[in-house]
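Listed here are the chains, written in short residue letters.
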Amino acid sequence: MLTRLLSNIDGVKACLLSRDGEIVEGSGEGNITLFHEAMKMVSELKFGSLEEMWFEGNITTVVTTIRGGSSLWLTSEKLPVGRLSHEARTLRPIIEDLIEV
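None of these values were measured; they are calculated from a predicted model. (Residues numbered from 1 in each chain as written. Predicted model: local features only at pLDDT ≥ 70, side-chain atom pairs only at ≥ 80, totals over all residues. Heavy atoms only, no water.)

(A) Structural detail: the nonpolar core. Counting 17 residues, the largest nonpolar core has Leu6, Leu72, Leu74, Leu91 and Ile95 as its most contacted members. Elements supplying a minimum of two residues to this core: α1 (2-6), β1 (13-17), β4 (60-66), β5 (70-76) and α3 (81-100). Of the residues forming this core, the biggest block, five residues, is contributed by α3. Excluding residues within four positions of it along the chain, Leu91 makes contact with Leu5, Leu6, Ile9 and Leu72. Formed by 10 residues, the second largest nonpolar core is a distinct cluster that contains Phe35, Val42, Leu50 and Trp73. (Core = buried A, V, L, I, M, F, W, Y, C linked by side-chain atoms within 4.5 Å. Buried < 20%, exposed > 50% of the residue type's maximum accessible area, 1.4 Å probe, protein only. Helix = DSSP H or I, 4+ residues; strand = E, 2+ residues; numbered from the N terminus. Contact = heavy atoms within 4.5 Å.)

(B) Representation of a nonpolar patch on the surface. On the surface, a nonpolar cluster with roughly 360 Å² of combined accessible area is contributed by Met41, Leu45 and Phe47. Topologically, Phe47 is positioned in the loop between α2 (32-44) and β3 (52-55). On the basis of relative accessibility, which here comes to 63%, the residue Phe47 falls in the exposed class. (Patch = residues over 30% accessible without salt bridge, like charges linked within 9 Å, V, L, I, M, F, W, Y side chains within 5 Å. Areas by Shrake-Rupley, 256 points an atom, 1.4 Å probe, with all protein chains shown as cover. Salt bridge = Lys/Arg side-chain N within 4 Å of Asp/Glu carboxyl O.)

(C) Molecular detail of the side chain of Thr65. Take Thr65: it is sitting in strand β4. Within the structure, Thr65 has its side chain in polar contact with the backbone oxygen of Leu50 (distance 3.3 Å). For Thr65, the contacting residues outside a window of four places in its chain are Phe35, Leu50, Glu51, Ser70, Arg92 and Glu96. (Polar contact = N/O pair within 3.5 Å; in protein donor to acceptor, adjacent residues only side chain to side chain.)

Distances and angles like these do not, on their own, reveal function.
This is the structure in structure tokens:
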């Protein structure tokens, strides 16, 4: 079910990474070291908690945190960052529910 959920968005590569950086589901890729560094920086600067990261260039990537230390990575060559962010926020509670079951 999770694989189908992540492959439902046209033009987007998506993957769910575990806390250890292992790909749990999906066809995309992510960088768990970058994710952990960002979380550490947010914590040290006392900015609260990391919920989402955006990277824009030739390829757009949005990373969102998933309860339990996992992360959802969405990457696209054609969709804007706002659309990817919307998709990530929409998928997050569904994925968290699937992981708990």
